[in-house]
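Residue-level listing of the chains:
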Amino acid sequence: MNTDIVYKEEKTFTQEQVQELFLSVDWVSGEYPQRLYKALMNSSTVITAWSGDKLVGLARAIDDSEMVAFVHYVLVNPHFQGMGIAGKMIGLIKEKYKNYLYIDVMPAQRCNAPFYEKQGFSIMENGVAMTRINYADKR
C-alpha cells in the first residue's frame, strides 16, 4: 500500500475536488456538483483519501446514530486503484460503526461484490437491491 496516502474524516474537500473525483470514475453524481457537495457535507461520515492536495478516494456512510450505517459511496480515482485505498476507507468505516447492529452496502455493480466480501460483508440470502432513479434533468 502507498504510504503517501493520507486518510481524513474531516470534510475539507472542495466542490471542484469532489466533482473531479466522481467524474474520474464516470459516476453521474459528478454531473451535479452543487448537489453532490451539499449531500456530502450533510452526510454522517465522509472518509477521504489524499495524495498531497489531490483527492483520490472517498467513502460515505449515512447512519441513524444507533443501529444502521449505510455505506453509499466508495470510489477511488482510476490512477490510484489497486493500492488498497478502498479497503482502508472501508476499514475506517467499519471501525467507526463497530457498535452498530448493521453496516449495509449496496454495490451498484454485481462485479464489486467480491471486494465487499473480502471486507467482511456478506450477500443477503433473500435480499434484493432496489432503486428509483430521479436524476433525469435535475441539474
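That block above? That's the structure.
Residues numbered from 1 in each chain as written. Predicted model: local features only at pLDDT ≥ 70, side-chain atom pairs only at ≥ 80, totals over all residues. Heavy atoms only, no water.

A. Region of the structure containing the overall build of the protein. If you tally the helices and strands in the protein, you get four helices and five strands. The order of helices and strands in the protein, counted from the N terminus, is β-α-α-β-β-β-α-β-α. Its C-alpha radius of gyration of 15 Å places the protein within 12% of the 14 Å reference for a compact globule of 139 residues. Counting over 139 residues, the protein shows a buried share of 35%. For the protein, restricting intrachain contacts to residue pairs at least 6 apart in sequence, the fraction spanning at least 24 positions comes to 61%. Of the roughly 9,000 Å² of accessible surface on the protein, a fraction of 50% belongs to carbon and sulfur atoms. Averaging the locations of the 15 positively and 16 negatively charged side chains of the protein gives two centres separated by 3 Å. (Helix = DSSP H or I, 4+ residues; strand = E, 2+ residues; numbered from the N terminus. Rg over C-alpha atoms; globule rule 2.2 N^0.38 Å. Buried < 20%, exposed > 50% of the residue type's maximum accessible area, 1.4 Å probe, protein only. Contact = heavy atoms within 4.5 Å. Areas by Shrake-Rupley, 256 points an atom, 1.4 Å probe, with all protein chains shown as cover. Lys, Arg positive; Asp, Glu negative; His and termini not counted. Charge placed at Lys NZ, Arg CZ, Asp CG, Glu CD.)

B. Fine view of the side chain of Ser29. Considering the arrangement of structural elements, one finds Ser29 in the loop between helix H1 (15-24) and helix H2 (33-41). For Ser29, a relative accessible area of 18% translates into the label buried. Discounting residues that sit within four places of it in the chain, Ser29 has contacts with Phe22, Leu36 and Tyr73.

C. How the structure looks around the side chain of Asn77. Counting through the fold element by element, Asn77 comes out in the loop between strand S4 (68-76) and helix H3 (85-96). In terms of polar contacts, Asn77 uses its side chain to reach the backbone amide nitrogen of His79, at 2.8 Å. Beyond its immediate stretch of four places on either side in the chain, Asn77 contacts Leu21, Ser24, Lys54 and Val56. (Polar contact = N/O pair within 3.5 Å; in protein donor to acceptor, adjacent residues only side chain to side chain.)

D. View of the pairing of strand S3 (residues 54-63). Of all ten residues in S3, seven are buried; the element is thus mostly enclosed. Taken together, the seven bridges between strand S2 (residues 45-51) and S3 define a ladder with antiparallel strand orientation. By the bridge assignment for S3, Thr45 is matched with Ala61. Remark: two residues form the turn of the hairpin made by S2 and S3, two consecutive strands paired antiparallel; Gly52 in that turn has positive phi of roughly 65°. As paired elements, S3 and S4 share seven bridges and run antiparallel to each other. (Pairing = 2+ DSSP bridges.)

E. Inspection of the sheet that holds S3 at higher detail. With respect to topology, five strands assemble into an open sheet ordered S1-S2-S3-S4-S5, the strand pairing being mixed. Two strands in the sheet have a free side with no partner beyond their single neighbour: strand S1 (5-8) and strand S5 (102-105). Within this sheet the neighbouring strands show an average axis-to-axis angle of 20°, counted without direction. Strand direction decides the pairing type here: S4 and S5, joined by four bridges, are parallel. Paired with Phe70 across the two strands is Asp104, which belongs to S5. Against the sheet, H1 contacts S2, S3 and S4, and its axis sits at roughly 90° relative to S3. (Axes fitted to C-alpha atoms, helices over the stretch in contact; angles between N-to-C directions.)

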